[in-house]
Every structure is written in structure tokens, then in C-alpha cells.
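# Coordinates in review
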Amino acid sequence: MLEFFVRLFDPVGFPPRWQCGLWSSGLGWLHITSDFAIFAAYFTIPVLLVVLIRKRADVPFHGVFLLFAAFIVSCGAGHLIEASMFWNPVYRLAGLVKLLTATVSWATVIALVPALRKALTLKTPTQLEAEVGLRTMQLAEARNTLERRVAQRTEEYRRSNEDLERFAYVASHDLQEPLRMVASYMELIEEEQAERLDEDGKLYVRYAADGARRMQTLLDALLAYSRVQSCELRSDPVPAGDALDDALANLDLRVSETGAEITRDPLPTLDFDRTMLTQLFQNLLSNALRFTKEGEPPRVHVGARREGDQWILSVRDEGIGFDPKFADRIFELFQRLRRREDVPGTGIGLAICKKIVERHRGEISVESAPGEGTTFFIRLPEQQELPS
């Protein structure tokens, strides 16, 4: 056995194939060129198979592919040796390669048996198309069902919101008169019956009167919030500067008391309900006038800039600011960041601002930091660029 491998490439004792039989030049070269061509093809096919399984990791039966590639390589090597035998009769090497080819061939056959069973279970293109069609139909049906449910829930939420807003309007409206009566009688008791009351009694009357007034203020705010949603919009070209002037006129006393400095950019003309635009400016300015630094007069700037088909209005103050993590919370109904004793208010003003902007298909956001002031941004989409 050792001698076999030592003499693996030794041609001694075997004549070249040219000398075996009656080979003509044409017949010999026919065999040689054919064997070389087969060898070249058999070495190219495995390269392509390896590229395939490396590029497409999802292709099944990788092991079978690799065994098939080894089988083809061994076959190609056999044809190369057959061609060389016309000059170099290495029959020992040829026999060893044939043994290797036989071994790899049977290994491939054994691997193909279970792979064939699995391959037969794979779905045909027609079956796959039918399954894809079925899944597509099921998906479309599920999507339609989901859309119907979403539409149904949306309609339910719309009705629920309408009912809640109607309830809030009716409740706050109907409670106005009883509260006014309570407040009026408390004031009468405080004025006309003061001599009959001790200090505790006077204190209790003041508490009751103050509570009635605060409740009345809250009901007024709730009514305003309900009207924003329920009233009909009258969107006409409105000079924003005129609406700002109306808001400042409403806040004239507060501006004078605080010594506020209010500046503005040239403001555009907008498609907006004038009353609501005035209320929007008034609420934001009132907010800026309340949340001021101690000992400093409020400084507020109203700005405007155009981005594409949008106008972006801004109201910036230099007040006490707040933590940015509360940026979304402040637009929720009844949400306050500071105690009523520190800064008066109902917690509804900014919720009204958000409702006004959303009814005009816009967005409102805020940027702030403690001690660095606050800036509100109002984005109003699809605005015509009208002259101020």
C-alpha cells in the first residue's frame, strides 16, 4: 500500500495512450480537447454553486449542494487526468481519483434521499401563488374589518365628545345663576351682618364667597372651552395684527399694572375666525403676564415667519419658564404646574388655545426651560399669502 502511494505519479511500466492501439492524430485530439472542455465546465459549475449558497443563505439543502460540487470537481479531475494520459500515464493517480469520485458520488446519493423527501413537500409555484392570493384576500378582509371598527370607534368617540361638551356647556351654564346667587348673598351677609358675626364667622363667609367666585370663574372658562368646539367657524381673511390689538385692548389694565413691554413683528393676514384668533392671542399673552420673574416687568414678543405654505406664529416671554418634560401636559384640561395660591388661573386657558388651533387644522407647541422664559409656536398650514 505504501509503495502504491510512493509511486502515485510514476508512469513507469505503462505506455502513453498514444502508443496503445491505433490512435490517429484527429481521434486522439478529439478525446483530449473533449476531456479538457469537460474538465473546465466541471470546475466552473462548483464555483457557481458555492457563489449561489453564499449569496442566498435562504436556499435549502446547502449540504447537498456542497456534496454535488465535490462530486463534479472529482469528475472534472478524472477527465483532466484522462487527457494527460496521452503523454503521462499515471494510472495509479487515475484509479485513486476514480475511487474518490465513487465515494463522493455515493455520499451524494445518500444525502439526496432525505433531501428528495423534503423537496417533494415543497409547494409548487402554482400552489404558492394560490396561497399568496388567499393570504392577500384574508389581509384585505382583515384591513377592511379594522377600518370599519376604527370608523365605528371614531364615530362613538365623536358622539361621546359631543355629549360631554354639551353636558359641560349645559352644566356650566345652568350652574351660573345659583352660583351668582350664592356669591351675592355671601357678600350681603359680609356687608350687612358683619356686626353680628365673630371673627371666625367673618372668615367662613369670606371663604364661601371666595369659593363661589372661583367656581364662577371656572364655569366661565368651561363655557369658553365648550363654545370653542361647538360654535361655527367664520374663517375669513383676518389681519393678525388687528386681532392682537383687540387682545391687548382686553388686557389693557393688566398690561398697565405690570408695566409689560410687548413687541411684535409684522403679522400676516390669515384665514382664521377673528374672535378665536383674538382669544388665542389673549390667552397666550395673559399666560405670559402671569408667569413673570419677581421684580421684573414682563417682556413679550409676538413673532411670525413663513415656511413654505405655512405661517408660524410665536409668543415669547422672559418669564420663569418650566421644565420641558411638562411641555405636553400644560395643554391638557385643568392641568397646572404651580399652585393656585402662587399663580392664579383655571388651568383651562392653554387647553382652549390648543382647541382653537386644532379647529383651524394647525398645531401648537411650546419650548421652555426654568428661568429662561417660554415660547409658544402656532403652525397654521395651507395659508394663502395675503397682504397684511
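Residues numbered from 1 in each chain as written. Predicted model: local features only at pLDDT ≥ 70, side-chain atom pairs only at ≥ 80, totals over all residues. Heavy atoms only, no water.

This part is about the nonpolar core. Counting 41 residues, the largest nonpolar core has Phe272, Leu277, Leu280, Phe281, Leu284, Leu285 and Ile378 as the members making the most contacts within it. Secondary structure elements with two or more residues in this core: helix H7 (240–250), strand S3 (269–273), helix H9 (274–290), strand S4 (299–307), strand S5 (310–317), helix H10 (349–359), strand S6 (363–368) and strand S7 (374–380). It is H9 that provides the largest number of residues to this core, a total of 8 residues. In contact with leucine 285, not counting residues within four places along its chain, are Leu244, Ala247, Leu248, Leu251, Val300, Val302 and Val315. With 7 residues, the next largest nonpolar core counts Ile81, Val90, Leu93 and Val97 among its residues. (Core = buried A, V, L, I, M, F, W, Y, C linked by side-chain atoms within 4.5 Å. Buried < 20%, exposed > 50% of the residue type's maximum accessible area, 1.4 Å probe, protein only. Helix = DSSP H or I, 4+ residues; strand = E, 2+ residues; numbered from the N terminus. Contact = heavy atoms within 4.5 Å.)

Right, let's get into the confidence of the model for the protein chain. Per-residue confidence for the protein chain averages 79 on the pLDDT scale, and 81% of its residues sit at or above 70. With pLDDT under 50 throughout, residues 384–388 is counted as low confidence; its partners more than four residues away or in other chains account for 11 contacts. (pLDDT = per-residue confidence, 0-100.)

Moving on: the packing of aromatic side chains. The full count for this structure, using the stated rule, is 7 aromatic pairs. On the basis of an interplanar angle of 55 degrees and a centroid distance of 4.6 Å, the ring pair of phenylalanine 39 and phenylalanine 43 is categorised as tilted. Placement of both phenylalanine 39 and phenylalanine 43 in helix H2 (residues 25–55) is noted, with a separation of 4 residues, approximately one turn of the helix. Classification of phenylalanine 43 by relative accessible area gives partly exposed; the value is 33%. Connected via pairs of aromatic rings, a cluster forms that spans Trp18, Trp23, Trp29, Phe86 and Trp87. Its guanidinium or amino end placed over the ring of phenylalanine 86, arginine 17 lies 5.7 Å from that ring's centre, counting from NZ or CZ. (Phe/Tyr/Trp six-rings, centres within 6.5 Å; stacked < 30°, edge-to-face > 60°. Lys NZ or Arg CZ within 6 Å of the ring centre and 35° of its normal.)

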